[in-house]
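The residues making up each chain are set out below.
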Amino acid sequence: MSNPMLPEKILHYIGGKHLPSVDGATFEVAEPVTNRVYAQVAAGGPEDVDRAVEAATAAFETGPWPAMTARARARVLNRIADAIEARGEQIAAMETFDTGLPVTQARGQAARAAENFRFFADMAVTLHEDAFSSPAQLGYVLRKPRGVAGLITPWNTPFMLESWKLAPALAAGCTVVLKPAEWTPLSASLLPEIMAEAGVPDGVFNIVHGIGEVAGAALVMHPGAPLISFTGETTTGQTIMRSAATSLKGLSMELGGKSPCVIFADADLDLAVDSALFGVFSLNGERCTAGSRILAERTVYDSLVSRLGERAERIKVGDPSDPATEIGALVHPEHYDRVLSYVRLGVREGARLVTGGSRPAGLGAGNYLAATVFADVTPSMRIFQEEIFGPVVCVTPFDDEAEAVALANDTRYGLAAYLWTCDLRRAHRVAAAVEAGMTWVNSHNVRDLRTPFGGVKASGLGREGGQHSIDFYTESRIVHVALGDTHVPRFGA
Ligand code: NDP
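What you see is a predicted model, and the numbers here were worked out from it, not measured in a lab.

Caption draft 1: Representation of the site of the ligand. Around the ligand, the structure places 31 residues, and the nearest of them are Glu-182, Gly-212, Thr-236, Leu-255 and Glu-387. With respect to the ligand, the backbone of Thr-153 contributes an N or O atom lying 2.8 Å from an oxygen atom. Interatomic distance of 2.6 Å between a side-chain N/O atom of Thr-236 and an oxygen atom of the ligand. Out of a free accessible area of 900 Å², the ligand has 92% covered by protein chains. One can see that the ligand is located within the largest pocket. Only helix H7 (212-221), strand S11 (227-231) and helix H8 (234-244) provide two or more residues apiece to the shell around the ligand. Among the elements that make up the shell around the ligand, the one with the highest residue count is H7 (4 residues). Partitioned by chemical class, the residues of the shell around the ligand number 15 nonpolar, 10 polar and 6 charged.

Caption draft 2: The arrangement of the environment of Asp-48 in detail. By the secondary structure assignment, Asp-48 is in helix H1 (residues 46-61). In this structure the C-alpha to C-alpha distance between Asp-48 and Met-123, which are 75 residues apart in sequence, comes to 33 Å. Setting aside its immediate chain neighbours within four residues, Asp-48 contacts His-12, Ile-14, Pro-20, Ser-21, Val-22, Ala-43 and Val-208.

Caption draft 3: Seen up close, the pairing of strand S8 (residues 148-152). Of all 5 residues in S8, 5 are buried, a share of seventy percent or more. In S8, alternate side chains face the same way, and those of Val-148, Gly-150 and Ile-152 on one face and Ala-149 and Leu-151 on the other are all buried. Here S8 pairs with strand S9 (residues 175-179) via 5 bridges, running parallel. Residue pairing for S9: Gly-150 is matched across the bridge by Val-177. In terms of handedness, the path from S8 via helix H5 (residues 158-172) over to S9 forms a crossover that is right-handed. As paired elements, S8 and S11 share 4 bridges and run parallel to each other. Of the residues in S11, the one forming a bridge with Ala-149 is Leu-227.

Caption draft 4: Structural context of a nonpolar patch on the surface. A grouping of Tyr-140, Leu-142, Val-481 and Leu-483 is seen on the molecular surface, where their side chains present a nonpolar patch of about 290 Å² in accessible area. Mapping Tyr-140 onto the fold places it in strand S7 (residues 137-145).

Caption draft 5: Quick look at helix H11 (residues 333-349). With 17 residues, H11 ought to run about 24 Å at 1.5 Å a step, and its terminal C-alpha atoms sit 24 Å apart, in line with that. For H11, every residue scored as buried is listed here: His-335, Tyr-336, Val-339, Leu-340, Tyr-342, Val-343, Leu-345 and Gly-346. For H11, the elements touching its buried residues are strand S16 (372-375), helix H12 (382-385) and strand S17 (392-398). Where H11 terminates, the next one or two residues include Gly-350, which has phi positive at roughly 100 degrees.

What counts and what doesn't
- Residues numbered from 1 in each chain as written.
- Predicted model: local features only at pLDDT ≥ 70, side-chain atom pairs only at ≥ 80, totals over all residues.
- Heavy atoms only, no water.
- Near = heavy atom within 4 Å.
- Polar contact = N/O pair within 3.5 Å; in protein donor to acceptor, adjacent residues only side chain to side chain.
- Areas by Shrake-Rupley, 256 points an atom, 1.4 Å probe, with all protein chains shown as cover.
- 1 Å grid on protein atoms, 1.4 Å probe; cavity = no way out; pocket = protein on both sides within 12 Å on 5 of 7 lines; lining within 4 Å.
- Sits in = over half its atoms within 2 Å of the grid points.
- Helix = DSSP H or I, 4+ residues; strand = E, 2+ residues; numbered from the N terminus.
- Nonpolar A, V, L, I, M, F, W, Y, C, P; charged D, E, K, R; others polar.
- Contact = heavy atoms within 4.5 Å.
- Buried < 20%, exposed > 50% of the residue type's maximum accessible area, 1.4 Å probe, protein only.
- Pairing = 2+ DSSP bridges.
- Right-handed = clockwise from strand over helix to strand, strands pointing away.
- Patch = residues over 30% accessible without salt bridge, like charges linked within 9 Å, V, L, I, M, F, W, Y side chains within 5 Å.
- Salt bridge = Lys/Arg side-chain N within 4 Å of Asp/Glu carboxyl O.
- Expected span 1.5 Å × (residues − 1).

What follows is the structure, encoded as structure tokens:
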């Protein structure tokens, strides 16, 4: 990386101050190309979370942020977007360094982060509240920010996912405590200066770094934070739901996926192949919406498997900071080993390894894995059922539409689905039958930020995006006002 501007220490940011942990605890963070430690990070504990929630509560209860006009808040959000855009290259370089994502894709994620703030700045000024009138009564809705929002985020596209929660929370007038993922704290360390430069008042935005089971758990249990927006693994989401029950928190859960990409024989197969490869191998395959199960109609199955294999073999794996790289280094050796264990499992389970499955020749110590294609995968195999979260795709044949739908739905997950067919009626039928929160027809993962984002089944609860995010960070209160003479039944008169 040319100029990573690496901090030696990454601290919490609480009430406008960079602070170490109360007990001085730290943890080490390494980057995935050499797996060398590059910084010490403050390891937050319950006391640090207490301080952050206190700062956020004070900013919410007595600070200017929730009371500002929506237009004033929107101006600040737009300035955050400006500050992100001005640092676009730096953010992309940091993200690439910390996560191993190819730099061209990290640039796209940085741009999308700025867009998230612009989008919710626009939403803030167009928000309106309902009124219900009758001759006797007027009911009007007050939409209030819900208070301190705890935001807990994963390591796969950290900066973008943090912005996807921060932007609507701030637009709604909430104050926040962010707990970034332990493996990738670097890009979040730019947020304090971005927020301060944009004019976000102290205490509105706070970060507590740390280990999920400690800092994350303390945030989830904290009675001062009525909301938790979580993105991460399904099992972590289940743990969080259990702990959050004691204080009846509002929860948004964006969880794992094992999404099908269903290719019918009548599809535009060139486009379908492009999309299927991009869908699973972009972002190193560490993508919640990855189309990691390709279901192919049997009449085109063999030719699709060989095309996918040939193209996957040519995917350039290597130094994530090289603009020609298509797959970089997986985030962490522990994750790398986990993905490799799935490759070995697939072979043991009897799937056909078409290509990949090992470190490409000539690459050094980093967590590199060649784009990996398994064919003849059956639903009883664990590689069909479990989220691998790496550059590994399973291909399975089907004979007819009913079987395609059954295979698509034969998983605990239900985040995304991709359908490729030129038969319009079939496209609508299958889109309705597939159990997925988001389905794309003849398209890859193109998002309109107004649309609901989220999964069904084990892929999540609630929706993010547009009005859905605003609804989460606000609550509606109704005020009923009598308009004419009030007739009240006279008990005890
Ligand atoms: P994890 O669930 O391991 O972690 C997510 C966050 O939760 C991290 O900050 C983590 O801290 C924290 N955490 C861990 N345990 C607890 C706990 N007990 N209480 C509170 N917080 C906790 O997910 P990953 O970081 O491994 O991310 C990959 C997963 O995220 C995949 O399953 C992927 O599908 C999913 N994901 C879903 C998306 C969606 O929109 N549906 C989008 C992107 C990813 P720490 O880092 O210390 O572990």
